Amino acid sequence: MPMNIPSTSDTEIFDVIGVGAGFSGLYLAHRLTTGGWTFAGFEAGPSVGGTWFWNTYPGARCDVESIYYSYSFDKALQQEWTWSQRFAPQAEILSYINHVADRFDLRKHFTFNTRVVGARWNATDRLWKVQLDNGETRCSRYLVSGAGGLSTPKDFDVPGLQNFEGLQVSTSRWNIELHELAGKRVAVIGTGSSGVQAIPLIAEVAEHVTVFQRTPNYVMPARNTELTPEQVDSIKGDYHAIREECRHSLGGIPDRPTPDKAFDVSAEERQRRYELAYERSGFNGVGAEFADLLTDVEANKTASEFIHDKIREIVKDPATAELLVPKYHPLGAKRSCFGTDYYETFNRPNVSLVSLRDEPIETTTANAIVTSKRAYEADIVVLAIGFDAFTGPLYGLNLTGASGRKLQDAWRDGVRTYLGIMAADLPNFFMVAGPQSPALASNVVMTIEQAVDWIADLMEYARDSGASVIEATVEGQNDWVDISEETVTGTLYATTDSWYRGSNVAGKPNTFLGYLGGVGKYRRMCAEIARRGYPGVEIDGEARVRHLGRIHQEIS
Ligand code: NA7
């Protein structure tokens, strides 16, 4: 039985239906209800938290510092909440989200254990008809997705996995206690952020861990620490300025921009700067130390090789170290990981590494993973294989637009959005932190707040002018696709396979899922669009036409 059911019925028309009760959905509910809109939110899980509700695997923590990865919309909230660590663990982030839900009395706006499984725009009534997985429908004037970017786990595409008779657990739906792995032979498949965080803790309890690695990644030491009372006081005393800096930064955290290119300085100076960054660690690791590290392969090599050497220093067995050295992509061109004792874990006698590039998995039997070379017996398989990023959660909504076309058909050849917030043919539909927004490459909480505010402002603008239908024009959307692609062209992201480009999911079109112009520039672009009366958006059939590319060039 769903909990906390708001007084909804299938005849009542809400101003807004919101999908998801994670960071996006909660702020959306707060912002819109305080703005006078009626709101009904639906959340598939039994409680609030989104990503931080589901990803409870051992070692799960955010790789953006918690003082930044938290809401900034309420001054009192940020003064009363105290983060215990630099990178808070999952449980603490989930407590924070629960605190926010209680503090602003947001749970009453949501129906839990209820998934949105379809939505169709009815042009005659100017309404979204939303289908729930309990068979009921609801109607609203606006539909807003806060379904998240990394919330749809990738299909378990490991050959023969259905034959395995031991326990299977995925990091994104973790449902066992760590001690249940004690004395067991554990196979971990996947070495992205989730695997990198979980493997050292699993190795502490398991009898043996076999790590199946397809692509070695760059793992920087997270250098997580407790925050001292003095540090907390200093942050709280300066929070307004810190948040402002984040809002106008590249990635939603304070920047350390440098005009220097890697070869502008001596090899000794490069080494010195990389050492400093490696000691400091955090979101960018050594990836931001020179201006050209993400645009020039040779410059990037200087940083990549610095990490290669660190791996060789830490890992005692040279053959294992060579397998761990990330040689298939430049540093930072796919999401780097931040770990604690990750490489050190491979010095343990109960941990072994299998390179799937050298011996691909051929099948799985009742008790073993079988590669082209041999069978590896296991009692438990841990899948840390990632997500169908950004489009997976949106396609799960089965949106049918004004033309009768499904979103997944409209985007068959690649994602097409307006600001990563709207899409042509989907009137009165918004995405919070959607594809082609800065979400992918930023402190996403900052991006979420900015998107929700912009959406709410646009809805208010339409309401004030007596309008009821808002839709991105095809031209506005084409402009934004060009702009977002321009921000990627010429960078090393453009040539590297990763979930950023959809390459982790079979058949997914190869388009970059983010905007790389920076959080600050994007914010200014969105503000400028609002100031000019929303060019690229049709409001009750009227559109302001203006080439968005020119606006993007004009803003600093
Ligand atoms: P990621 O980063 O997508 O990592 C998934 C890992 O699983 C990665 O090493 C993949 O190798 C590997 N993988 C995926 N499918 C398979 C199969 N079928 N066989 C073997 N190995 C596979 O997901 P995470 O959950 O770790 O992190 C997601 C994001 O969350 C992260 O970027 C942060 O933003 C937070 P590949 O590299 O594709 O060769």
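Please refer to the structure placed before this passage.
Now for a quick tour of the structure.

Looking at the site of the ligand
1) Next: Close to the ligand lie 19 residues; Asp157, Ser194, Arg214, Thr215 and Lys334 are nearest.
2) Next: Asp157 has a polar side-chain atom sitting 2.8 Å from a nitrogen atom of the ligand.
3) Next: Between the ligand and Arg214, the relevant distance is 2.9 Å, taken from an oxygen atom to a side-chain nitrogen or oxygen of the residue.
4) Next: Protein coverage of the free-state accessible area of the ligand, which is 770 Å², stands at 86%.

Regarding helix α14 (residues 444–464)
1) Next: Along its 21 residues, α14 runs 30 Å from first to last C-alpha, staying within 8% of the 30 Å computed at 1.5 Å per residue.
2) Next: Looking at the residues trailing α14, positive phi occurs at Gly466, about 75°.

Side note on the pairing of strand β8 (residues 185–189)
1) Next: Within β8, four of the five residues are buried, which leaves the element mostly enclosed by the surrounding structure.
2) Next: The sheet contact formed by β8 and strand β9 (residues 208–213) spans five bridges and is parallel. Residue Val186 lies in a different strand from β9, and its bridge partner there is Val209.
3) Next: Crossover β8 to β9 through helix α5 (residues 193–205) is right-handed.

A word on the state of the cysteines
1) Next: Within the structure shown, the criterion is met by zero disulfides.
2) Next: In this model Cys526 remains outside any disulfide bridge; the closest cysteine sulfur is found in Cys246, 17 Å from its own.

Regarding the environment of Phe390
1) Next: Summarising the element assignment, Phe390 is placed in the loop between β16 (380–383) and α12 (391–395).
2) Next: Judged by its relative accessible area of 6%, Phe390 is buried.
3) Next: Along the chain, Phe390 and Leu513 lie 123 residues apart, while their C-alpha atoms are 7.3 Å from each other.
4) Next: Other than its neighbours up to four places away in sequence, Phe390 contacts Gly149, Ala433, Gly434, Pro435, Ala439, Leu440, Trp499 and Leu513.

Considerations on the packing of aromatic side chains
The description of two aromatic rings rests on the distance between their centres and on the angle between their planes.
1) Next: Scanning the entire structure with this criterion turns up 35 aromatic pairs.
2) Next: Summarising the aromatic geometry, the rings of Trp83 and Tyr96 are spaced 4.9 Å apart at their centres and angled 45° between planes, so their arrangement reads as tilted. Taken together, the residues Trp83 in the loop between α3 (75–80) and α4 (90–103) and Tyr96 in helix α4 connect sequence positions 13 residues apart.
3) Next: For Trp83, a relative accessible area of 5% corresponds to the buried category.
4) Next: Ring centres of Tyr142 and Phe430 lie 6.1 Å apart, and the angle between their planes is 20°; on these two criteria the pair is classed as stacked. Of this pair, Tyr142 sits in strand β6 (residues 137–145) while Phe430 is found in strand β18 (residues 429–431), placing the two residues 288 residues apart along the sequence.

Quick notes on the rules
Residues numbered from 1 in each chain as written. Predicted model: local features only at pLDDT ≥ 70, side-chain atom pairs only at ≥ 80, totals over all residues. Heavy atoms only, no water. Near = heavy atom within 4 Å. Polar contact = N/O pair within 3.5 Å; in protein donor to acceptor, adjacent residues only side chain to side chain. Areas by Shrake-Rupley, 256 points an atom, 1.4 Å probe, with all protein chains shown as cover. Helix = DSSP H or I, 4+ residues; strand = E, 2+ residues; numbered from the N terminus. Expected span 1.5 Å × (residues − 1). Buried < 20%, exposed > 50% of the residue type's maximum accessible area, 1.4 Å probe, protein only. Pairing = 2+ DSSP bridges. Right-handed = clockwise from strand over helix to strand, strands pointing away. Disulfide = S-S within 2.5 Å. Contact = heavy atoms within 4.5 Å. Phe/Tyr/Trp six-rings, centres within 6.5 Å; stacked < 30°, edge-to-face > 60°.

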